[in-house]
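Chain by chain, the residues run as shown.
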Amino acid sequence: MAQLFSYVSDRCDDEQVAQYDEVLCQLAELVEVEARIHVAKLLAPLERAPGTVVVKLANDDIEVAKPLLEFSNVLSDDDLIDIIARQGEQHRIAIAGRSSVAERVGEAIVEHGEASSITRLVRNSNAEFDKATLEKLVARATADAEIAADLRGRPEIDWGSLRGEIDSVASKVLETLDEDKSLDPVAAGKVNAVVYNRMRNRAGFSANEWKVAYNQVKALSDRKQLDDRALARFARFGYGHHAAAALTVVLRVSPEVFVKWLASQDYVAITVALRAAGLTPELFEAIVATLPWRDLPSQADKTMVRSRFEALEKDEASGIFELWRAHSFRKRTAGDDRANVA
């Protein structure tokens, strides 16, 4: 079953993926560990894979879970954080070595992990750290020379900008580190500057980020967990591409349409669509501020779209949106008919 799905995954619609998901979950309860390992290896490289069975196998014995934890883009940051908290150190080590580790995932490893997973995380040049996580790593470095050396060796650290930025608690730790000749005091005093080099302009659409986000959102939908809480979480943590991908699924519009709205800064279309979807004004405002627009919306833009959203009745927005959808479908059907005639 898994082999068959791996051959056709790029051509399956949502209903077919759901059928594979249900059957593979049932079979995973019946087969031995060797079979589950084989299935996990087949699913790990797929861009689109059944969400429920992937999460189930990622929480399995480490021999089963490892290929998914290391390579599967279907696992979202929330999935990984949950696994970090509930599973063992070997699961955390696998996650720490992923080709990219987001700040929230790294924070969870530092919070729950032991020396092995934290060391692998710090050595991963594609791991991102926020300020709080870096302060915890500095504290860990006082008792672990290996972590201290790895922090010192990260090439992207701006060694000239930390002292005035780190908080008082971490500064005391750094004073202690200064007394430890095994750690370069200059390097130790500025390690937190990683966060400033990792800051990115959140505006702008990335095709690669979109592809990953869209497949993770589809996996979330497979598990019946794509709701307002998921949207609020995307907005809270600044997951703009995930928020946009989620809205394409919720609104049942093609990704190309939504991307066009973002590229053209079409606030009117977004406002009508999200009002028709029944979002609250607060969630709408948070989503608009998070989406990967071509240019960051100004404060005046945000105020304007919020006022338009509140002035628009849900029934009116639903009518406009459904009229647009029907018109769009007719144009697409007419185009298909002309192509068939040709």
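Calculation criteria
- Residues numbered from 1 in each chain as written.
- Predicted model: local features only at pLDDT ≥ 70, side-chain atom pairs only at ≥ 80, totals over all residues.
- Heavy atoms only, no water.
- Helix = DSSP H or I, 4+ residues; strand = E, 2+ residues; numbered from the N terminus.
- Buried < 20%, exposed > 50% of the residue type's maximum accessible area, 1.4 Å probe, protein only.
- Contact = heavy atoms within 4.5 Å.
- Areas by Shrake-Rupley, 256 points an atom, 1.4 Å probe, with all protein chains shown as cover.
- pLDDT = per-residue confidence, 0-100.
- Phe/Tyr/Trp six-rings, centres within 6.5 Å; stacked < 30°, edge-to-face > 60°.
- Lys NZ or Arg CZ within 6 Å of the ring centre and 35° of its normal.

Under an unreviewed UniProt entry, the name given to the chain is DUF2336 domain-containing protein, and the organism recorded is Devosia yakushimensis.

> Quick rundown of the overall build of the chain? Include the residues and the values.
From N to C terminus, the chain includes 22 helices and zero strands. When each of the 342 residues of the chain is scored for burial, the buried share is 48%. Counting contacts in the chain only where the partners sit at least 6 residues apart, residues at least 24 apart contribute 71% of the total. Accessible surface for the chain amounts to roughly 17,100 Å². Of this, 52% is attributable to carbon and sulfur atoms.

> Tell me what's going on with unusual backbone geometry, and back it up with residues and numbers.
The residue K224 is not glycine, and still its phi comes out positive at about 60°. Residue position: K224 is located in the loop between helix 15 (207-222) and helix 16 (228-236). Positive phi, close to 60°, is recorded for R252, a residue that is not glycine. Residue position: R252 is located in the loop between helix 17 (240-251) and helix 18 (255-263).

> Now, about the confidence of the model for the chain: what can you tell me, with residues and values included?
Across the chain, the average pLDDT comes to 84, with 82% of residues at 70 or higher. Across residues 162-169, confidence stays below pLDDT 50; counting only partners more than four residues off in sequence or on other chains, it has 19 contacts. Below a pLDDT of 50 lies the segment residues 176-202, which in the model reaches 63 contacts outside its immediate sequence neighbourhood of four places, other chains included.

> Let's hear about the packing of aromatic side chains: which residues, and what values?
Tallied over the full model, the rule gives nine aromatic pairs. With centroids separated by 5.5 Å and ring planes inclined at 55°, the aromatic side chains of F258 and W261 adopt a geometry described as tilted. Residue F258 and its partner W261 are both found in helix 18; the two are separated by three residues, about one turn of the helix. F258 gets classed as buried once you look at its relative accessible area, which sits at 0%. Site record: aromatic cluster; members linked through ring pairs are F258, W261, F321 and W324. In this structure, R104 is placed above the aromatic ring of F237, and the distance from its NZ or CZ to the ring centre is 3.7 Å. When the ring centre of F309 is taken as reference, the NZ or CZ atom of R275 above it lies at 5.2 Å.

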